[in-house]
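Notes for the structure review
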Amino acid sequence: MKIRSLFLALVALLSTPCASADPRVELTRAFLTGNAQLDALAPMAAFAPSVDARAPSHTFRGVLHFDLTMTGFRGRIDTFHYANNRQLRLRAPPPFEMELVQVGDELVPALRGPVVSGHPQWDISVEPGRVWDEPADGGLTRAAVPFALVETVANCTHNGVLTFVFDDAATISRVAWEIASETCAYNQFDAWGVSQATYRRGAPHADAIAAAYALERAARMPSKPFAQLAVDHPGVDLSAFASPADIHPASLTTFGVIADGVHYLGGCETRAGPYPFCENIDVPSYSLAKTLVGALGLMRMEALNPGASQELISAHVPACGAWDGATFLNALDMAAGRYRSAEDQADENAMTDSAFFVTTQHATKIHLACTMFPGREAPGQRWVYHTSDTYALGTAMQDFWRARHGASADFFNDVLVDGVYAPLHLSPTIRATRRTLDSSAQPFTGWGLTLMRDDIAKLGQYLVAREHAPLVSAAMLDAG
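Here the residue index of a chain counts from 1 through its sequence in written order. Selection of residues for local features in this predicted model requires a pLDDT of at least 70, selection of side-chain atom pairs for listing and counting requires 80 or more, and totals for whole chains, interfaces and linings are taken over all residues. Hydrogen atoms and water are omitted, and side-chain values are computed over all heavy atoms in the structure.

**Overview of the pattern of salt bridges**
Any carboxyl oxygen of Asp or Glu within 4 Å of a side-chain nitrogen of Lys or Arg constitutes a salt bridge here. Throughout the structure, instances matching the rule amount to 21 salt bridges. Among the ionic pairs, Arg217 bridges to Glu106, the shortest N-O distance being 3.5 Å. Taken together, the positions of Arg217 in helix H2 (residues 206-218) and Glu106 in strand S4 (residues 106-109) put the pair 111 residues apart, joining distant regions of the chain. Residue Glu216 pairs with Arg112 through a salt bridge whose shortest N-O separation is 3.0 Å. In this pair, Glu216 sits in helix H2 while Arg112 sits in the loop between S4 and strand S5 (113-115), placing the two residues 104 residues apart along the sequence. The secondary structure listing takes helices from DSSP runs of H or I that are at least 4 residues long and strands from runs of E that are at least 2 residues long, numbered from the N terminus.

Encoded structure:
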């Protein structure tokens, strides 16, 4: 069984955005309440508290709405010519509308992680931000919130940040926003804009949101700045981590190390300077989801239903009727005996020419997953990397679970979220997954998770220390 552990990481030196060392000169109150437009990316420090910031005097609880109009755009890489595809509307994202609840000096969205928008290219993800006062804002309170444009039914995530000023009378300025980094090899751009906004007061679930967020904050792993690692562990070579020899700095979103139960946090750079919300930056998964959904899901299912891993794919997925003898475990191992080329990544790369990744419909996805590769040998003999195999596994696990718990049951929510993610105190962001956009709402299983830095740290520690082995099949975890 192939378990791909990823000790990615992350983040900022504090749980709040790093304050600027200077008084504010960018995105001032006069700018936010005026008519001028941004001519280029502002420094990311403009979205963080100034040196003279103080506690907020107003409280935001309600719905923020504005149009994400790209008044500025600079394309960098566009391998598949998305910008020229009018149907995708890449430069016309869906409107931003989100209920936000102020908890102390933090601003918490009611929904976390990618939220399906109905747009052909973009969904929107929002994470907790910050509120504060600055003397030059003349009695208004300033807010900044991290958000991301996330490619529909895919993983590419373009992390941005927005800011505005407001008061308790629902006065609100324009919203200034920008995007200057991404986790995407084939679609990279800078974008920015300033838009009129509305603030509709009222948050019916504010107390529940605040209580849940307090618990989330309290359960986070202890953390320290990355430089402290060399102090706590003399002799450690800090230059060995996130080395340019391993990854180009422009391609590094964030990094970190766990040692003795402490999360040592690296930074996260953008093309406009350090991201002011490193702790809450969205980190999408591809192969990692095969472990965190496919593998942990099947391990949990095996613990609950011994023998589940040896169930036949063909018995649960009619479209895979020709997968003779291939078990759930074979599909997890990507050893179903079905492939075109045994060369590393050859089949996976060829899948970009099919509709498997771009279709939003489960029937099309599972048909392709089951039939695009011919049978070559008996299952269990050879590993050939196929994301489609993991999708077939997720489909089979969904059928297995519903056969025992009813048509409304869901293996991702019931088995993984309730059985693994919640006991490990993972964030609300990871507790949602990308799914097909039809009545099946089939979890992708092989990709489509979004994680926070604390999620990665806790999952990495769990897979190494195995302190919570009863959550899953110990035998399968040991075999991994």
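**Concerning the sheet that holds strand S14 (residues 256-259)**
Across the sheet, three strands lie side by side as S13-S15-S14; this open sheet has mixed pairing. Every other strand in the sheet has two partners, leaving strand S13 (223-225) and S14 as the edge strands with one partner each. Averaged over all pairs of adjacent strands, the angle between their axes in this sheet comes to 25 degrees, without regard to strand direction. Any two residues whose heavy atoms approach within 4.5 Å are treated as being in contact. As a rule, the C-alpha atoms of each element are fitted with a line to give its axis, helices using only the stretch in contact, and angles between N-to-C directions run from 0 to 180 degrees. Packed onto the sheet, helix H10 (residues 453-465) meets S13, S14 and strand S15 (262-265) and runs at close to 135 degrees relative to S15. Pairing between two strands is assigned when DSSP locates at least 2 bridges connecting them.

**Some thoughts on the state of the cysteines**
Two cysteine sulfurs form what is called a disulfide whenever their separation falls within 2.5 Å. Across all of its chains, the model carries three disulfides by this definition. There is a disulfide in this structure between Cys268 and Cys278, and the S-S distance comes to 1.7 Å. Judged by the sign of its S-S torsion, about -130 degrees, the bond between Cys268 and Cys278 is left-handed. Placement of the pair is Cys268 in the loop between S15 and strand S16 (269-270) and Cys278 in the loop between strand S17 (273-274) and strand S18 (283-284), with a sequence separation of 10 residues. In this structure, Cys268 and Cys278 share a single accessibility class: buried. Each disulfide pairs two cysteine sulfurs, and for Cys320 the partner residue is Cys370, the sulfurs being separated by 1.8 Å. Measuring handedness by torsion sign, the sulfur bridge of Cys320 and Cys370 sits at about -75 degrees and is left-handed. Of this pair, Cys320 sits in the loop between helix H4 (287-304) and helix H5 (328-332) while Cys370 sits in helix H7 (residues 362-371); the two residues are 50 residues apart in sequence, bridging distant segments of the chain. Relative accessible area decides the class of each residue, using a 1.4 Å probe on protein chains only: under 20% of the type maximum gives buried, over 50% gives exposed, and in between gives partly exposed.

**As for the packing of aromatic side chains**
Classification of ring pairs rests on two measures: the distance between centres of Phe, Tyr or Trp rings, Trp counted by its six-membered ring, which must be within 6.5 Å, and the angle between planes, read as stacked under 30 degrees, edge-to-face over 60 and tilted in between. The final tally for this structure, using the stated rule, is 25 aromatic pairs. Each residue in the set Tyr286, Phe356, Phe357, Tyr391, Phe444 and Trp447 is aromatic and connected to the rest through ring pairs, giving one cluster. Taking NZ or CZ as reference, Arg174 lies 5.2 Å from the ring centre of Phe31, over its face. Whether a charge sits over a ring depends on NZ of Lys or CZ of Arg being within 6 Å of the ring centre and within 35 degrees of the ring normal.

**What to know about the environment of Leu32**
The topology assignment puts Leu32 in helix H1 (residues 29-32). You can call Leu32 buried: its relative accessible area is 0%. Counting along the chain gives 105 residues from Leu32 to Asp137, while the straight-line C-alpha distance between them is 10 Å. Not counting residues up to four positions away in its chain, the partners in contact with Leu32 are Leu27, Arg142, Thr163, Phe164, Val165, Ser173, Arg174 and Ala176.

**Some remarks on the pairing of strand S10 (residues 175-179)**
Regular strands show a simple pattern: their side chains alternate between the two faces of the sheet. Counting buried positions over the five residues of S10 gives five, a clear majority of the element. A two-sided burial pattern is seen for S10, the buried positions comprising Val175, Trp177 and Ile179 on one face and Ala176 and Glu178 on the other. Pairing geometry for S10 and strand S11 (residues 187-195), over five bridges, is antiparallel. What sits directly across from Glu178, in S11, is Trp192.

**Regarding the nonpolar core**
Ranked by internal contacts, the top residues of the largest apolar core, which has 83 residues, are Leu296, Trp323, Phe356, Tyr421 and Leu449. Ranked by the residues each element gives to this core, the list is headed by H4, at nine residues. Leaving out residues up to four positions away in the same chain, Trp323 has contacts with Ile313, Ser314, Ala331, Ala336, Arg338, Ala369, Cys370, Asp389 and Ala392. Throughout, nonpolar core names a set of buried Ala, Val, Leu, Ile, Met, Phe, Trp, Tyr and Cys residues whose side chains join them through atoms within 4.5 Å. Residues Leu68, Tyr82, Ile124 and Val131 belong to the second largest nonpolar core, which totals 31 residues.

**A word on the packing of H4 against helix H9 (residues 411-421)**
Contact geometry for H4 and H9: axes closest at 10 Å, N-to-C directions at 80 degrees. Accordingly, the angle class assigned to the pair H4 and H9 is roughly perpendicular. Within the contact between the two elements, H4 uses Leu292, Val293, Leu296, Gly297, Arg300 and Met301 and H9 uses Phe411, Phe412, Val415, Leu416, Gly419, Val420 and Tyr421. When an angle is under 35 degrees it counts as roughly parallel; over 145 it counts as roughly antiparallel; between 65 and 115 it counts as roughly perpendicular; any other value is oblique.

**Some thoughts on H2**
Helix span, expected: 1.5 Å multiplied by one less than the number of residues in the helix. Between its terminal C-alpha atoms H2 stretches 18 Å, which fits the 18 Å expected from 13 residues at 1.5 Å a residue. Among all positions in H2, only Ala206, Ile209, Ala210, Tyr213 and Glu216 are buried. Along the long axis of H2, the arc covered by the buried residues comes to 125 degrees, so they all point the same way. Facing away from the buried side of H2 by more than 90 degrees, the exposed set consists of Asp207, Leu215 and Ala218. For H2, the elements touching its buried residues are strand S1 (61-66), strand S3 (96-103) and S4. Working definition: the arc comes from the directions between the helix axis and the C-beta atoms, pointing outward to the latter.

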